[in-house]
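Chain by chain, the residues run as shown.
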Amino acid sequence: EEKKTEWLVSELKSKRPLVAPDLECTDDVREVLDTFKMIAHLQEVCPGSLGTYVISMATVASDVLAVVLLQREMGGKMDQLLRVAPLFERLDDLNEGPNQLRRLFSIPWYHELIAGHQEVMIGYSDSGKDAGRMAAAWALYEGQENATKVADEFGVKLTLFHGRGGTVGRGGGPSHLAILSQPPATINGRLRVTVQGEVIEQNFGEHENCFHTLDLYTAATLEHSLAPPLAPSDEWRGAMATMSEVSCERYREIVFKTPEFNPYFLQATPGQELGALNIGSRPAKRKSNAGVTALRAIPWIFAWTQSRFHLPVWLGIAEGFQRVKEQGKLETLREMYRTWPFFRVTMDLIEMVLAKADPTVARLYEKELVEDQYHAFGEQLRNALRSTIDIVLEVTEHPDLLTSQTTNGGQGSINTLKDKLAMRSIYLTPLNIIQVENLKRLRDIEEGKVDTKGYVPVMPWAKQMLSLHVSKDYYHAAVSDTLIITMKGIAAGMQNTG
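Residue indices begin from 1 for each chain and proceed along its sequence in written order. Predicted model: local features are reported for residues with pLDDT of at least 70 only, side-chain atom pairs are reported and counted for 80 or more only, and whole-chain, interface and lining totals are derived from all residues. Here the side-chain values reflect all heavy atoms present in the structure, with hydrogen atoms and water set aside.

Caption draft 1: Spatial organisation of the overall build of the protein chain. On a plain count of helices and strands, the protein chain comes out with 23 helices and five strands. In terms of overall size, the protein chain behaves like a compact globule, its C-alpha atoms giving a radius of gyration of 25 Å where 498 residues would be expected to give roughly 23 Å. Dimensions of the protein chain, computed from the C-alpha atoms along their principal axes, are close to 70 × 60 × 50 Å. Here's how the labels work: a residue is buried when its accessible area is under 20% of the maximum for its type, exposed when over 50%, partly exposed in between, all with a 1.4 Å probe on protein chains only. Across the 498 residues in the protein chain, those meeting the buried criterion constitute 51%. For accessible areas, the Shrake-Rupley method is used with a probe of radius 1.4 Å. Any residue's cover is judged against the shown protein chains and nothing else. Accessible area for the protein chain stands at about 23500 Å²; split by element, carbon and sulfur atoms hold 55% of it. Distance between charge centres in the protein chain, computed from 53 positive and 63 negative side chains, equals 1 Å. Working definition: helices are DSSP H or I runs of at least four residues, strands are E runs of at least two. Numbering for both runs from the N terminus. Only the C-alpha atoms count toward the radius of gyration. The rule for a globule is 2.2 Å times the residue count to the power 0.38. Just so you know, the count uses Lys and Arg for positive and Asp and Glu for negative, and it drops His and the chain ends. Throughout, a charge is located at the NZ atom of Lys, the CZ atom of Arg, the CG atom of Asp or the CD atom of Glu.

Caption draft 2: Representation of the pattern of salt bridges. Counted as salt bridges are all cases of a side-chain nitrogen of Lys or Arg within 4 Å of a carboxyl oxygen of Asp or Glu. Counted according to the given criterion, the structure contains 26 salt bridges. In this structure, Glu319 engages Arg250 in a salt bridge whose closest nitrogen and oxygen atoms are separated by 3.5 Å. Of this pair, Glu319 sits in helix 16 (residues 317-326) while Arg250 sits in helix 11 (residues 234-257), and the two are 69 residues apart along the sequence. The partly exposed category is assigned to Arg250, whose relative accessible area is 23%.

Caption draft 3: Here's a closer look at the packing of aromatic side chains. Only Phe, Tyr and Trp rings are paired, with Trp represented by its six-membered ring, and only when their centres lie within 6.5 Å; those with planes under 30 degrees apart are stacked, over 60 edge-to-face, the remainder tilted. For the structure shown, the criterion picks out 22 aromatic pairs. Relative to Trp340, the ring of Trp236 has its centre 5.7 Å away and its plane inclined at 25 degrees; by these criteria the two rings are stacked. Within this pair, whereas Trp236 is found in helix 11, its partner Trp340 is found in the loop between helix 17 (330-339) and helix 18 (341-356), the two being separated by 104 residues in sequence. Residue class for Trp340 comes out buried when judged on its relative accessible area of 1%. What links up through ring pairs into an aromatic cluster is the set Phe261, Tyr264, Phe265, Trp300, Trp304, Phe309, Trp314 and Phe377. A positively charged side chain is recorded as over a ring if its NZ (Lys) or CZ (Arg) lies within 6 Å of the ring centre. The angle to the ring normal must also be within 35 degrees. The ring centre of Phe161 lies 4.2 Å from the NZ or CZ of Arg192, which sits over that ring.

Caption draft 4: Geometry of the pairing of strand 2 (residues 83-88). Counting buried positions along strand 2 yields five of six residues, so the element is predominantly enclosed. Classification remark: right-handed applies to a crossover when, strands pointing away from the viewer, the course from the first strand over the helix to the second runs clockwise. You can see the chain leave strand 1 (residues 52-55), run along helix 3 (residues 61-73) and come back into strand 2, and the turn it takes is right-handed. One ladder, built from two bridges, connects strand 2 with strand 3 (residues 117-123); its direction is parallel. Bridge pairing in strand 3 places Leu87 opposite Met121. DSSP calls a pair of strands paired once it identifies at least 2 bridges connecting them.

Caption draft 5: Quick look at the sheet that holds strand 1. Taken in spatial order, the five strands line up as 1-2-3-4-5 in an open sheet, and their pairing is parallel. Since the sheet does not close on itself, it has two edges, and those belong to strand 1 and strand 5 (192-193), each with one partner. As paired strands, strand 1 and strand 2 are joined by four bridges and run parallel to one another. From the neighbouring strand, Ile55 faces strand 2, where its bridge partner is Pro86. When checking whether two residues touch, look at their non-hydrogen atoms; a contact exists if any pair is within 4.5 Å. For every element, the axis is a line fit to its C-alpha atoms; helices are fit only across the contacting stretch, and the angle between N-to-C directions ranges from 0 to 180 degrees. Sitting on the sheet, helix 7 (residues 133-153) touches strand 3 and strand 4 (157-163), and the angle it makes with strand 4 is about 160 degrees.

Caption draft 6: Broad picture of the nonpolar core. Here the nonpolar core consists of buried residues drawn from Ala, Val, Leu, Ile, Met, Phe, Trp, Tyr and Cys, with membership extended through side-chain atoms lying within 4.5 Å. In this structure, Phe261, Trp300, Phe321 and Phe343 are the most contacted members of the largest nonpolar core, which totals 85 residues. In terms of residue count, the dominant contributor to this core is helix 18 (ten residues). Ranked by size, the runner-up nonpolar core spans 42 residues in total, among them Leu69, Leu101, Ala131 and Val156.

Caption draft 7: Broad picture of helix 10 (residues 207-226). One less than the residue count of a helix, multiplied by 1.5 Å, gives the span that helix is expected to have. Helix length check: helix 10, at 20 residues, gives a terminal C-alpha distance of 29 Å against a target of 28 Å (1.5 Å per residue), a fit within 8%. By the burial criterion, the buried members of helix 10 are Cys210, Thr213, Tyr217, Ala220, Thr221 and His224. The arc that holds every buried residue of helix 10, seen down its axis, measures 105 degrees, which confines them to one face. Among the exposed residues of helix 10, those pointing more than 90 degrees away from its buried face are His207, Glu208, Asp215 and Leu226. Directions drawn from the helix axis to the C-beta atoms are what define this arc.

Caption draft 8: Structural detail: the side chain of Ser62. Examined against the element boundaries, Ser62 turns out to sit in helix 3. Each residue touching Ser62, except ones within four places of it in the same chain, is listed here: Glu1, Lys4, Thr5 and Leu8.

Caption draft 9: Structural context of the packing of helix 12 (residues 261-268) against helix 14 (residues 297-306). Packing of helix 12 against helix 14 leaves a shortest axis separation of 10 Å and a crossing angle of 65 degrees. Here Phe261, Tyr264 and Phe265 of helix 12 come into contact with helix 14, specifically with Trp300, Ala303 and Trp304. Three categories are distinguished: nonpolar for Ala, Val, Leu, Ile, Met, Phe, Trp, Tyr, Cys and Pro, charged for Asp, Glu, Lys and Arg, and polar for the others, with Gly belonging to the last. Its residues placed into classes, the contact of helix 12 with helix 14 shows six nonpolar, no polar and no charged.

Caption draft 10: Here's a closer look at the packing of helix 11 against helix 16. Axis separation between helix 11 and helix 16 bottoms out at 7 Å; the angle between their running directions is 140 degrees. Relative to helix 16, the element helix 11 lies oblique. Every pair of crossing elements has a handedness; the one defined by helix 11 and helix 16 is right-handed. Listed contacts from helix 16 to Ala239, Thr242, Met243, Val246, Ser247 and Arg250 of helix 11 are Ile317, Glu319, Gly320, Phe321, Arg323 and Val324. Here roughly perpendicular refers to angles of 65 to 115 degrees, roughly parallel to angles under 35, roughly antiparallel to angles over 145, and oblique to all remaining angles. In this scheme, a crossing is called left-handed if the near helix is turned counterclockwise away from the far one by less than a right angle; it is called right-handed if the turn is clockwise.

Caption draft 11: A look at unusual backbone geometry. Positive phi values are uncommon outside glycine, yet Ala115 reaches one of about 55 degrees. Here Ala115 is to be found in the loop between helix 5 (108-114) and strand 3. Even without a glycine there, the phi angle at Ala185 is positive, about 65 degrees. Locating Ala185 in the fold gives a position in the loop between helix 8 (175-180) and strand 5.

Caption draft 12: Local environment of a nonpolar patch on the surface. Two distance rules govern patches: like charges are joined within 9 Å, and nonpolar side chains (Val, Leu, Ile, Met, Phe, Trp, Tyr) within 5 Å, applied only to residues with over 30% relative accessible area and no salt bridge. Together, Val458, Met459, Trp461 and Met465 line one region of the surface with nonpolar side chains, adding up to about 500 Å² of accessible area. Assignment of secondary structure puts Val458 in the loop between helix 21 (414-446) and helix 22 (460-467). For Val458, a relative accessible area of 69% gives the class exposed.

Caption draft 13: A look at the environment of Leu91. Residue placement: Leu91 occurs in helix 4 (residues 91-105). Along the backbone, Leu91 and Phe342 are 251 residues apart, and their C-alpha atoms lie at a distance of 18 Å. When sequence neighbours within four positions are dropped, the list of residues in contact with Leu91 reads Asp130, Ala131, Ala135, Ala139, Cys248 and Arg252.

Laid out in structure tokens, this is it:
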């Protein structure tokens, strides 16, 4: 890495061209070079039309320097280059990110280039998928603190770009409280966030909602900057470090090291069908293998939400709390919940998701879709869910998951939340049942167990609708479309899915 950085800096300082115009290269390389040429063209004809170049899965300082060099080599003028933001996503990258920023800022040429401003994106989605919600939340908190300290050390104004999704497992939640729960001195009047999934429609779909959302962001940014939240004590940091380590270890043990997990996930959720049904904005996987590691964070969360298990949000948390409790620090956890905004918001969001979980529905998916040999593993996971609910209630001192939480950022009163969940359940549970049945049918089709060619719709309206379908395999088309409708319905009812 050190040699690579030195070489990149020497090329950036040099005025001779690095890439020949007639360079022979693969199609993938040509696509990258052409993209940078188009960036340079757009910046020339319409300066400022593009914002930040975000480097997904960034790990080292040379990632940033390489993008700067490619911009220049493909015709970009130095005063028109896109600002480059490393995106630290996984747990190790979040922990190492501040050190890489120090390496970048220590390079005089780069420090002069950025003119005292640097943008850094932090990923909530892949960090949660990599380490579990509790470990990811703490890594994000400490990562922001340490990155800000490094920036201050070099006189750089740091803008943190929060890559949040709609679901709690991807950093979602009420925007106002999410901002107020960020570490002290990390916002300072500057904030960027991603808005994606169904959250776009919810927050910006109508004129009133749009300006209300902007009001919330503005007010929270000002409040955090002018009246920073309480900083954690050393004792609280120690408790969080313990919970983070233990919960991460347990999460990774189950998700990445348990042989039964991958087949159970693929069978007990519509995870493997998401990519084939083409209902997302991006491919479901980064690579074409069946492993959880290659699966993108959005379908990972979405699949568990469909079966109402919500496993990525809570897995490993019970073990982390239990370890701290065994150390005689239960009262410390309760004090953290009462007085520390970060911990309270984190707990309230987890509690809200636990209230939406339904082990009975998850058991239905298992019973109808999963091979018998994995049922014991499923029961183990459901027991872990029950243990998590018990320990969360013990820490928050709530009698049940639907207790009124006056500062929980929108969960509302006990009656409001209870009524909403009860009302939605009337529609959600039948949709889950229909989804399970159509998952069985679709998998039977793919395994060749059903002859779909002989299917002829009986009802006139069905004939008319299916005649418009691209596929003339009407049975397969009907099953696939029904499955998509159930996914959309469950997502709308569960909310927090994007």
